[in-house]
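For reference, the chains in residue letters:
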Amino acid sequence: MDLSLSTRSQDDFEVIEVSGEIDVYTAPRLREALVELVSKGHHNLIVDVERVEFLDSTGLGVLVGGLKRVRSHDGSLDIVCTHDRLLKIFRITGLTKVFGIFDSVDAAVASH
Amino acid sequence: MDLSLSTRSQDDFEVIEVSGEIDVYTAPRLREALVELVSKGHHNLIVDVERVEFLDSTGLGVLVGGLKRVRSHDGSLDIVCTHDRLLKIFRITGLTKVFGIFDSVDAAVASH
Amino acid sequence: MPRTDAPASAVNLCLAADLANVRLARLVSVAVGRLHGIDGPMLDDVRLAVGEACGRAVLIHNDNALPAPVVIDIDGSAEEFSVTVTSQEPVDVEQRRLEVRGSRVEVTANGGLAIPETFALLGGLADEVDVRSDASGTTVQMRWRLPPPAD
Amino acid sequence: MPRTDAPASAVNLCLAADLANVRLARLVSVAVGRLHGIDGPMLDDVRLAVGEACGRAVLIHNDNALPAPVVIDIDGSAEEFSVTVTSQEPVDVEQRRLEVRGSRVEVTANGGLAIPETFALLGGLADEVDVRSDASGTTVQMRWRLPPPAD
Ligand SMILES: Nc1ncnc2c1ncn2[C@@H]1O[C@H](COP(=O)(O)OP(=O)(O)O)[C@@H](O)[C@H]1O
Ligand SMILES: Nc1ncnc2c1ncn2[C@@H]1O[C@H](COP(=O)(O)OP(=O)(O)O)[C@@H](O)[C@H]1O
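In short, a report on the structure. (Residues numbered from 1 in each chain as written. Chains lettered and ligands numbered in written order. Predicted model: local features only at pLDDT ≥ 70, side-chain atom pairs only at ≥ 80, totals over all residues. Heavy atoms only, no water.)

## Considering the pattern of salt bridges
We count it as follows: Criterion for a salt bridge: a side-chain nitrogen of Lys or Arg within 4 Å of a carboxyl oxygen of Asp or Glu. The helix and strand labels rest on DSSP assignments: H or I over at least four residues marks a helix, E over at least two residues marks a strand, and numbering proceeds from the N terminus. Each residue is assigned to one of three classes by its accessible area relative to the maximum for its type, calculated with a 1.4 Å probe on protein chains only: buried under 20%, partly exposed between the two thresholds, exposed over 50%.
Applying the stated rule across the entire model yields 22 salt bridges over all chains. Arg26(C) is paired through a salt bridge with Glu21(B); the nearest N and O atoms lie 2.7 Å apart. Here the residue Arg26(C) occupies a position in helix H1 (residues 22-35), and Glu21(B) occupies one in strand E2 (residues 13-22), the pair thus bridging two chains. Since its relative accessible area comes to 12%, Glu21(B) is described here as buried. Among the salt bridges present, the one from Arg145(D) reaches Glu128(D), with a minimum N-O distance of 3.8 Å. Taken as a pair, Arg145(D) in strand E8 (residues 137-145) and Glu128(D) in strand E7 (residues 128-134) lie far apart in primary sequence, 17 residues in all. The network of salt bridges with shared partners includes Glu21(A), Asp23(A), Arg23(D) and Arg26(D).

## Quick look at helix H2 (residues 40-63) of chain C
Residues and elements named next belong to chain C. To keep it simple, the criterion reads: How far a helix is expected to stretch is found by multiplying one less than its residue total by 1.5 Å.
End to end, H2 covers 35 Å across 24 residues, agreeing with the expected 34 Å (1.5 Å per residue, within 8%). Counting buried positions along H2 gives 18 out of 24 residues, so the element sits mostly inside the fold. With its phi angle positive at about 50°, Ala65 sits one or two positions after the end of H2.

## Thoughts on the packing of aromatic side chains
Short version of the rule: Pairing of aromatic rings covers Phe, Tyr and Trp, the last through its six-membered ring, and needs centres within 6.5 Å; plane angles under 30 degrees mean stacked, over 60 mean edge-to-face, and all others mean tilted. A ring is scored as having a charge over it whenever the NZ atom of a lysine or the CZ atom of an arginine sits within 6 Å of its centre and within 35 degrees of its normal.
Under the defined criterion, the tally for this structure stands at four aromatic pairs over all chains. Centroid distance Phe90(A) to Phe99(A): 5.9 Å. Interplanar angle 90°. Geometry classified as edge-to-face. Take Phe90(A) and Phe99(A): they sit in the same class, and that class is buried. Geometrically, the ring pair formed by Phe81(C) and Trp144(C) is tilted, given 6.3 Å between the ring centres and 40° between the ring planes. On the criterion of sequence distance, the pair formed by Phe81(C) in strand E3 (residues 80-87) and Trp144(C) in strand E8 (residues 137-145) is long-range, its members being 63 residues apart. Judged on exposure class, the residue Phe81(C) and its partner Trp144(C) are both buried. If you follow Arg26(C) out to its NZ or CZ, it ends over the ring of Phe54(B), 3.8 Å from the centre.

## Topic: the pairing of strand E3 (residues 44-55) of chain B
Residues and elements named next belong to chain B. Quick reminder of the rule: Pairing between strands is defined by DSSP: at least two bridges between them are needed. Place the viewer so that the strands point away; then a crossover is right-handed whenever the path from the first strand over the helix to the second strand goes clockwise.
Examined bridge by bridge, E2 and E3 share eight bridges and lie parallel to one another. Across the sheet, the residue bridging to Glu21 is Phe54, located in E3. As a crossover connection, the stretch from E2 through helix H1 (residues 27-39) into E3 is right-handed. Note: E3 against strand E4 (residues 76-80), five bridges, orientation parallel. The partner of Val47 across the bridge, within E4, is Ile79. For the handedness criterion, the β-α-β arrangement of E3, helix H2 (residues 57-71) and E4 is classed as right-handed.

## What about the sheet that holds E2(B)?
Residues and elements named next belong to chain B. To keep things clear, this is the line we draw: Only the stretch in contact is used when fitting a helix axis, every axis being a line fitted to C-alpha atoms; angles between N-to-C directions are given from 0 to 180 degrees. Pairs of residues are marked as contacts when any of their non-hydrogen atoms sit within 4.5 Å.
Strand order in the open sheet formed by five strands is E1-E2-E3-E4-E5, with mixed pairing between adjacent strands. At either margin of the open sheet sits one strand with a lone partner, and together these are strand E1 (4-10) and strand E5 (100-102). Adjacent strand axes in the sheet meet at a mean angle of 25°, parallel and antiparallel pairs treated alike. Taken strand by strand, H2 contacts E2, E3 and E4, and its axis lies near 145° from that of E4. Here helix H3 (residues 84-92) sits on the sheet and contacts E3, E4 and E5; the angle it forms with E3, its principal contact strand, is near 115°.

## Remarks on the packing of H1(C) against helix H1 (residues 22-35) of chain D
Where we set the bar: If an angle is under 35 degrees, it is roughly parallel; if it is over 145, roughly antiparallel; if it lies from 65 to 115, roughly perpendicular; otherwise it is oblique. The hand of a helix crossing depends on one turn: near helix anticlockwise from the far one by less than a right angle means left-handed, and clockwise means right-handed. For this scheme, ten residues count as nonpolar: Ala, Val, Leu, Ile, Met, Phe, Trp, Tyr, Cys and Pro. Four count as charged, namely Asp, Glu, Lys and Arg, and the remainder, Gly too, count as polar.
Packing of H1(C) against H1(D) leaves a shortest axis separation of 10 Å and a crossing angle of 160°. On the basis of the axis angle, H1(C) is roughly antiparallel to H1(D). With respect to the hand of their crossing, H1(C) and H1(D) are arranged in right-handed fashion. Across the interface between the two elements, Leu24(C), Leu27(C), Val28(C), Ala31(C), Val32(C) and Leu35(C) from H1(C) touch Leu24(D), Leu27(D), Val28(D), Ala31(D), Val32(D) and Leu35(D) from H1(D). Tallied by class, residues from the contact of H1(C) with H1(D) come to 12 nonpolar, no polar and no charged.

## Observations regarding empty space enclosed by the protein
Keep this limit in mind: Using a grid of 1 Å spacing that covers the protein atoms alone, one calls a set of points a cavity when a 1.4 Å probe fits there but cannot get out, and a pocket when the set is open and has protein on both sides within 12 Å along at least five of seven lines; lining residues are those with an atom within 4 Å of a point. Grid points are joined across faces, edges and corners, and a volume is the space filled by probe spheres set on the points.
One pass over the structure, following the stated rule, counts two cavities of 30 Å³ or more. Within this model, the largest cavity holds a volume of roughly 100 Å³. In terms of lining, the largest cavity is formed by Glu53(B), Phe54(B), Leu55(B), Arg85(B), Leu86(B), Lys88(B), Ile89(B), Asp44(C), Asp45(C), Arg47(C), Leu48(C) and Leu125(C). Those elements that place two or more of their residues in the lining of the largest cavity are E3 and H3 of chain B together with H2 of chain C.

## Quick look at H3(B)
Residues and elements named next belong to chain B. Stated precisely, the cut-off is as follows: By construction, the arc corresponds to the directions joining the helix axis to the C-beta atoms.
Along H3, the residues classified as buried are Leu86, Leu87, Ile89 and Phe90. The buried residues of H3 occupy an angular sector of 155° when projected down its axis, which confines them to one face. At the exit of H3 stands Gly94, carrying a positive phi of roughly 75°.

## Describing the interface of chain B and chain C
Worth spelling out the cut-off: Accessible surface is computed with a 1.4 Å probe, and the buried area is the amount of it that two parts give up when combined, taken over both parts together. Pairs of N or O atoms are called polar contacts if they sit within 3.5 Å, as long as, within protein, a hydrogen donor faces a hydrogen acceptor (for residues adjacent in sequence, only side-chain-to-side-chain pairs).
Between chain B and chain C, the contact holds 14 residues from the first and 17 residues from the second. Approximately 1300 Å² of surface area, both sides summed, lies buried where chain B meets chain C, with 64% of it carried by carbon and sulfur atoms. Contact with chain C buries area across many residues of chain B, yet Val24(B), Phe54(B) and Ile92(B) alone supply 37% of it, more than any other trio. The interface formed by chain B and chain C includes four salt bridges. There are five residue pairs in polar contact (both at pLDDT 80 or more) connecting chain B and chain C. If you list the elements that add at least two residues to the side of chain B that touches chain C, you get E3 and H3 of chain B.

This is how it looks when you write it as structure tokens:
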């Protein structure tokens, strides 16, 4: 399964819904999407990975890169993720301490 | 996906419902099932391959072998199959002329 | 990014001659076929043809107790997708036969092996099938012409 | 049926250094892992670890314009499942570094290559990770201990 991305606004946030596989081959497309949102002045992002089948370290790198980018504009990048399979990867790499990780988009929005 | 088999009686027929992949690795299990039915005196068989994902020539060979076996007892072996993907294989090998191939178990039963 | 000399999708798979591994050959060919834009009935043809050719090769290795792996080469271009299966049975072309599961297999004049059902099926599935045997083994090459990409 | 010398599931996959092919390596490892009875979270670990190791190898081949394929060896027994990824970059152990996507990679004292994120992840996914480099290339071997079969 390939990567697919869809973006929508909710309150003051841009929600990027990702599905498929974020890997060393597809991650550049996620990076481009994040870069484009930031360059259009969206600095409060929520990346919903609930429908992601696979995430590797390149994908994590792109998310961290996105976080650094929005932070330089005093923005935020939160993750929506409930699957153990993916949470484990954030945990192993210590990124649970770096990202806000929420059960739902609403919970991510409410946290601000 | 592996092969799975289930057998039930309908009127005077034994219906073998096959699902999964019938290939060079799994076909021996279908062969055993057919041999066992015949040795128990069931000579009118209907093999329902509607839920078969994959069928190769070894699988065809087992079906032909089953047909020869029941015919030697004046029995029958019909196939239930509607998927083009599988029908094509019966066609290429000329086996559409050898087997009765039906849209449903009921149609196979009614044909006798 | 610098391009390598090897074609982008060249895939080579060596499988121990175990019948359970035939599924892997199908799986990989289908995955590579998808990377080349193949889908629908043509992808079913690839899956079945590769299964037939590999199943045949694994049976031959088993029946002749050959320790070597069965080798599958998958390659493609914009016009063509090809899968080549190599089994390593030394074919005694003089004797022109080889035992496969007890049934006699004829070696044809041009050195090809003929197992009637397998090759009947292959001929109906691939656009071209090329079988060559010599003293070091047999290669079965199957080729599919790719439709020009719709745009 | 006579058993061959090669272990039943020994699979060897050679992939052109194309990022699109990393998925194939995952696919094949997962399929072979399943043949060894691996499932659930352990299968996820195999998928990710193989993806990491292969992604790393393909990037290195690309960045160094190496035409050789990346090689994946998958093997298993009743106790253990292992995947070994071999990249063919000549490591200048004297210089103790190699460029990967512009970030510096350290060659450790025992000849291993360290890319911090990749190996941090691998260490958390496989039971054992063994990395060796020499002038002909680098192998990353990942091993998983299999639970005794329930009966
Ligand atoms: N698996 C990972 N675990 C922790 N940090 C990571 C992981 N992968 C990448 N990173 C970090 O994420 C950041 C990504 O940087 P980079 O990929 O250069 O993004 P950008 O170019 O968009 O800033 C780096 O600081 C890198 O160390
Ligand atoms: N793909 C096929 N197309 C047509 N006939 C086939 C095909 N595969 C096998 N057969 C035929 O099916 C029969 C199967 O015989 P065999 O496998 O020996 O079964 P059994 O040992 O149960 O009698 C043979 O006559 C063989 O020629």
